[in-house]
Amino acid sequence: MPRSLGPEMHFNVSCQMSGAAYPDWLQISAGVFEETMLTAISMSAIATNGVVPAGGSYYMISRSLGPEFGGAVGLCFYLGTTFAGAMYILGTIEIFLTYISPNAAVFLADMAGGEAAAMLHNMRVYGSCTLVLMATVVFVGVKYVNKLALVFLACVVLSILAIYAGVIKTAFDPPDIPVCLLGNRTLSWLSFDVCAKVHGGLNSTATTALWGLFCNGSMPSASCDEYFIQNNLTIIQGIPGVASGVVLDNLWSTYVDKGSFVEKKGMPSVSVSSEARASSLPYVLTDIMTHFTLLVGIYFPSVTGIMAGSNRSGDLRDAQKSIPTGTILAIATTSFIYLSCVVLFGACIEGVVLRDKFGEALQGKLVIGMLAWPSPWVIVIGSFFSTCGAGLQSLTGAPRLLQAIARDGIIPFLQVFGHGKANGEPTWALLLTALICEIGILIASLDSVAPILSMFFLMCYMFVNLACAVQTLLRTPNWRPRFKYYHWTLSFLGMSLCLALMFICSWYYALCAMLIAGLIYKYIEYRGAEKEWGDGIRGLSLNAARYALLRVEHGPPHTKNWRPQVLVMLNLDAEQAVKHPRLLSFTTQLKAGKGLTIVGSVLEGTYLDKRAEAQCAEENIRSLMGVEKTKGFCQLVVSSSLRDGTSHLIQSAGLGGMKHNTVLMAWPESWKQADNHLSWKNFVDTVRDTTAAHQALLVAKNVDLFPQNHERFSDGNIDVWWVVHDGGMLMLLPFLLHQHKVWRKCRMRIFTVAQVDDNSIQMKKDLQMFLYHLRISAEVEVVEMVENDISAFTYEKTLMMEQRSQMLKQMQLSKNEREREAQLIHDRNTASHSAVAAKTQAPPTPDRVQMTWTKEKLVSEKHKVKDASVGGFKDIFSLKPEWGNLNQSNVRRMHTAVKLNEVVLNKSQDAQLVLLNMPGPPKNRQGDENYMEFLEVLTEGLNRVLLVRGGGREVITIYS
């Protein structure tokens, strides 16, 4: 088929299957010329901006737009080039079997209408053999391909000159090429030999073969087709010549539907009321519906060779000089030839012949061959060698393109194709290319596949223009091309034209090509190796990020836009590993990769001394973030104390308007231990810092029991105890968790606490209405807390708390002193240690005190107080107040915590997660240790607890 011919001769025969005269081809040629020239200008700028090794267009795109874009577009371009090689090989075989040696067919039609199937089988056999031969030539060495290219070029030049010579010859001696018309309809010469109804001799008149085709017999009295009877037969010249004035007839477009008659305008014709379009009638019919966008798809494959030189950039002596010069001159030359051929064909050839795809009106002859001088064989041989050369160029360029992609290592499973022979020839890539090309040859007909090849080429050209535009607009210091005749507006125009041509040719093939490229892009992004090439996309991202940061308001966002932007505070062990990795798992589940996440940690010491440890800790955190799929930023601070470092992170983490509004940290499980007496102070101070900064605080208690990302809860509840109405943050957090797969099947329950005199029914209705406006689905329950007498357990807890509080105030010892005192207390039953204990009078550690407060215990403790010495630190038991001397405010607070804990345990002990309001720290620092005890009692007995303290700004709006 004419579409299968090589890029140089493709246009010369594509007019045969068009539905339009040369004005349409002029528009298409001019548009495609503009698009290809703009792409060549952009490619020249990129090619002269540094060394261009093997890979050509892929190398230029990947180094300008990054490995994801480069790999996606490069791989699509490789597939397009490979299937284009199959198309050229099929074109070679079709020319050989149709025009050069029809008798060489291996398969013959065994029944009427089987010619097409037999032709496909012949093309598969001969195409496979030709592919093996071409692949062998390429395997032997590219130098032989270069030598053969000169022969192919000579054949192409001779065939083009033959066309121009034939056009000149038609001005004074047009060729005698008759075309038979019935009325205004074109007839096929393949079915008859005389364009007449009857032919007469000296004594009689006899009917012709044409009569037998339209009538049910050869007798003059036979019944004939009505249109055949009403219209006359006319013979016109298929190529009347450049001086005939046929250009006026070809001036306007003639688009028709599939199966329509090929008709000549201006010829007299008598229409009939009804007629049968029998397949046996020798009419020339259109085999496809023709329209403008189809013409673009027909024409564009003829200009897909503009990247052929750049694909072999590794074989060029000076790619920076050869690529711009060779590409631009090639486009200018071929565009001149195509545009001139458009005009000359329309001025020399009848429109019915131009629209005759298979040359049936010319007895199966090639119309361009009939126009050529001195012989049609010049065109036939030129087309044959042209398609051979195009196939060799594809088999040479495609493996090198694949090798360049494989050597970059951005697609793991392709790395094996980066190896080759000792001289660098891509052996394995050539083998894969031949196998893919064989798939196209086995299909044998690429009419339906050809548009998607054009999509791949257009996509490559589009990204070349985009790369040039991005680099120019960014004004990066490294952008210094030697080619100066470019501008970003030209590149942007070329990119727009490529995108428009993709959808003009075929919008569904364009979407298909974009989908394939998108899948490759996401695969490289997900599984590909990290590459840093200083590409323009990263530079563009930096500029876009800078612009966005400047646009983000520094003040608090509108309530509609509020969402938790989390600063995760991690603790490190002695080996700089994260102590609670599941805190990052919970962060991933809460954020689901959306919004701002900053993972912070503090390393105690000075930066000069801890620089190596800080780097190791940061690498460990980043590695854990990758494992837990936490999308965010890592920020490590080296400070003289953990307290100062935490405060610095809360104050300074983030940039501009992109700052955190929520702090997530783990509950200090070891706060009661004597050797870790500062942990609770750091925790309480962090609570105060977040409160002062108007930031929300999330504290995960028993964080090591929280689920990992691969776990799935098949059932269970997320219980929210909404004791203090803080604006709705407690409602938002379980909703966000419910979006993750871990918590998706959990049900959300809301509990609120009411006193006996409250209207519980109305409270439940109000809360349900509030949830309805928030568009949150949850069960609602109001729990009534009955005020009863304070239990002995409450007094015991309060006594323990105040006892510990007084002890901690008196224990102002260093770590070594505390260790020494603990050892002395441990051995106090011995005589020697008893003497030392009497001398130092150190208080015992609170963890060893058994707080079972019976009457006998109190009496015995009073006796101990009388016997205790008064010098130095008093014994811890001498500081315990009597029952009646307990701080009543502490008793009331502890009573509230105990009662609320009982209610929560009763309702939510089996819940997968419990969210509780977190009370604020005391204003007086003297009660900080009491605050920790309150929180401990409040959450006692619960597996997974998230304490939530609002910052005062996270009011969740009920409006969309």
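Residues numbered from 1 in each chain as written. Predicted model: local features only at pLDDT ≥ 70, side-chain atom pairs only at ≥ 80, totals over all residues. Heavy atoms only, no water.

Draft legend 1. Main features of the overall build of the protein. On a plain count of helices and strands, the protein comes out with 31 helices and 15 strands. The 960 residues of the protein split such that 51% are buried. With an accessible surface of roughly 44800 Å², the protein has 59% of that area assigned to carbon and sulfur atoms. (Helix = DSSP H or I, 4+ residues; strand = E, 2+ residues; numbered from the N terminus. Buried < 20%, exposed > 50% of the residue type's maximum accessible area, 1.4 Å probe, protein only. Areas by Shrake-Rupley, 256 points an atom, 1.4 Å probe, with all protein chains shown as cover.)

Draft legend 2. Examining unusual backbone geometry more closely. The omega angle of the peptide bond from Trp373 to Pro374 is 15 degrees, so this bond is cis rather than trans. Tracing the backbone through its elements, the reader meets Pro374 in the loop between helix H13 (367–371) and helix H14 (376–408). A positive phi angle, near 60 degrees, is found at Lys629, a position not held by glycine. You can see Lys629 is positioned in the loop between helix H21 (607–627) and strand S8 (633–639). Residue classification places Lys629 among the exposed residues on the basis of a relative accessible area of 59%. Although it is not a glycine, His694 adopts a positive phi angle of roughly 55 degrees. Note that His694 resides in the loop between helix H23 (679–692) and strand S10 (696–701). Exposure remark for His694: the relative accessible area of 41% places this residue in the partly exposed category.

Draft legend 3. Representation of the environment of Val782 within the structure. Counting through the fold element by element, Val782 comes out in strand S13 (residues 779–784). Given a relative accessible area of 17%, Val782 falls into the buried group. Residues Val782 and Ile750, spaced 32 residues apart in sequence, show a C-alpha to C-alpha distance of 8.4 Å.

Draft legend 4. Local environment of the sheet that holds strand S2 (residues 185–186). Strands sit in the order S2-S1-S5 across an open sheet of three strands; the sheet is antiparallel. Each edge of the sheet is formed by a strand with only one pairing partner; in this case those strands are S2 and strand S5 (233–237). Pairing of strand S1 (residues 178–182) with S2, which is carried by two bridges, proceeds in the antiparallel orientation. Note that in S2 the partner of Leu182 across the bridge is Arg185. (Pairing = 2+ DSSP bridges.)

Draft legend 5. Region of the structure containing the packing of helix H5 (residues 115–140) against H14. Following both chains from N to C, one finds H5 and H14 inclined at 55 degrees, their axes separated by 10 Å at the closest point. Considering the angle they form, H5 stands oblique to H14. Classified by chirality, the crossing of H14 by H5 is right-handed. Where H5 approaches H14, its residues Leu131, Met134, Ala135, Val137 and Val138 are matched on the opposing element by Cys388, Gly391, Leu392, Leu395 and Thr396. (Axes fitted to C-alpha atoms, helices over the stretch in contact; angles between N-to-C directions. Parallel < 35°, antiparallel > 145°, perpendicular 65-115°, else oblique. Left-handed = near helix turned anticlockwise from the far one by under 90°. Contact = heavy atoms within 4.5 Å.)

Draft legend 6. View of the state of the cysteines. Taken as a whole and assessed by the stated rule, the structure comprises two disulfides. Two residues, Cys180 and Cys195, share a disulfide whose sulfurs are 1.9 Å apart. The sign of the S-S torsion, about 70 degrees, decides the handedness of the disulfide formed by Cys180 and Cys195: right-handed. One end of the pair, Cys180, is in strand S1; the other, Cys195, is in the loop between S2 and strand S3 (198–200), with 15 residues separating them in the sequence. (Disulfide = S-S within 2.5 Å.)

Draft legend 7. Layout of a nonpolar patch on the surface. Together, Leu499, Phe503, Trp507, Tyr508 and Leu511 line one region of the surface with nonpolar side chains, adding up to about 520 Å² of accessible area. Here the element with the most residues in the nonpolar patch is helix H18 (residues 507–527); it accounts for three residues. Residue classification places Tyr508 among the partly exposed positions, given a relative accessible area of 49%. (Patch = residues over 30% accessible without salt bridge, like charges linked within 9 Å, V, L, I, M, F, W, Y side chains within 5 Å. Salt bridge = Lys/Arg side-chain N within 4 Å of Asp/Glu carboxyl O.)

Draft legend 8. Structural context of the pairing of strand S15 (residues 945–949). Burial analysis of S15 places four of its five residues in the buried class, the great majority of the element. Where strand S14 (residues 913–917) meets S15, four bridges bridge the pair, whose relative direction is parallel. Bridged to Leu916 within S15 is Leu947.

Draft legend 9. Local environment of the packing of aromatic side chains. Inspection of the entire model under this criterion finds 20 aromatic pairs. Relative to Tyr521, the ring of Phe69 lies with its centre 5.0 Å away and its plane at 55 degrees, an arrangement referred to as tilted. Within this pair, whereas Phe69 is found in helix H4 (residues 67–100), its partner Tyr521 is found in helix H18, the two being separated by 452 residues in sequence. Among the residues examined, Phe69 registers a relative accessible area of 23% and is labelled partly exposed. Residue Tyr521 is classed as partly exposed on the basis of its relative accessible area, which comes to 22%. In textbook terms, an aromatic cluster arises when at least three aromatic residues are bridged by ring pairs, as seen for Phe96, Tyr126, Phe152, Phe384 and Phe385. Looking at Arg185, its charged tip hangs above the ring of Tyr227, at a distance of 3.8 Å from the centre. (Phe/Tyr/Trp six-rings, centres within 6.5 Å; stacked < 30°, edge-to-face > 60°. Lys NZ or Arg CZ within 6 Å of the ring centre and 35° of its normal.)

Draft legend 10. Main features of the side chain of Gln589. Tracing the backbone through its elements, the reader meets Gln589 in helix H20 (residues 582–591). Within the local environment of Gln589, its side chain forms a polar contact with the side chain of Asn709, the two groups lying 3.2 Å apart. For Gln589, the side chain forms a polar contact with the side chain of Trp743, separated by 2.7 Å. Residue contacts for Gln589: discarding those within four places in its chain leaves Pro707, Gln708, Asn709, Leu736, Leu737, His740, Val742 and Trp743. (Polar contact = N/O pair within 3.5 Å; in protein donor to acceptor, adjacent residues only side chain to side chain.)

Draft legend 11. Representation of the sheet that holds strand S6 (residues 566–570). Spatially, the ten strands line up as an open sheet ordered S8-S7-S6-S9-S10-S15-S14-S11-S12-S13, and their pairing is mixed. The open sheet has two edge strands, S8 and S13, and neither has a second partner. Averaged over all neighbouring strand pairs, the angle between strand axes comes to 20 degrees, with direction disregarded. As paired elements, strand S9 (residues 662–666) and S10 share five bridges and run parallel to each other. Residue pairing for S10: Met665 is matched across the bridge by Val699. Packing of H20 onto the sheet brings it into contact with S6, strand S7 (597–604), S9, S10, S14 and S15, and relative to S6 it is tilted by some 170 degrees. Each of S6, S7 and S8 touches H21; the most contacted strand, S8, lies at about 155 degrees to it.

Draft legend 12. Region of interest: the nonpolar core. Of all hydrophobic cores here, the largest spans 76 residues; its most connected members are Leu75, Met307, Leu414 and Tyr461. Counting residues per element, this core draws most heavily on helix H16 (residues 450–474), which supplies 17 residues. With 51 residues, the next largest nonpolar core counts Val568, Leu636, Trp722 and Ile750 among its residues. (Core = buried A, V, L, I, M, F, W, Y, C linked by side-chain atoms within 4.5 Å.)

Draft legend 13. Inspection of H20 at higher detail. H20 sits mainly inside the fold: nine of its ten residues count as buried. For H20, the set of buried residues is Leu583, Leu584, Ser585, Phe586, Thr587, Thr588, Gln589, Leu590 and Lys591.

Draft legend 14. Structural detail: the pattern of salt bridges. Within this structure, the stated rule accounts for 15 salt bridges. With a shortest N-O distance of 3.4 Å, Asp173 and Lys169 are connected by a salt bridge. For Lys169, a relative accessible area of 24% corresponds to the partly exposed category. Of the charged contacts in the structure, one is a salt bridge between Lys907 and Glu781, with a shortest N-O distance of 2.7 Å. Here Lys907, found in helix H30 (residues 888–908), pairs with Glu781, found in strand S13; they are 126 residues apart in sequence, far enough to count as distant. The network of salt bridges with common partners includes Arg643, Asp685, Arg688 and Asp689.

Draft legend 15. Representation of the confidence of the model for the protein within the structure. Residues at a pLDDT of 70 or more form 76% of the protein, whose mean pLDDT is 77. Below pLDDT 50 for its whole length, residues 1–21 participates in 98 contacts with residues either more than four positions away or in separate chains. Below a pLDDT of 50 lies the segment residues 828–886, which in the model reaches 76 contacts outside its immediate sequence neighbourhood of four places, other chains included. (pLDDT = per-residue confidence, 0-100.)

Draft legend 16. Highlighting the pairing of S9. With respect to burial, S9 is a largely interior element, five of its five residues being buried. Both faces of S9 are covered, namely the face carrying Thr662, Leu664 and Ala666 and the face carrying Val663 and Met665. As paired elements, S6 and S9 share three bridges and run parallel to each other. Bridge assignment links Val568 to a residue of S9, and that residue is Leu664.

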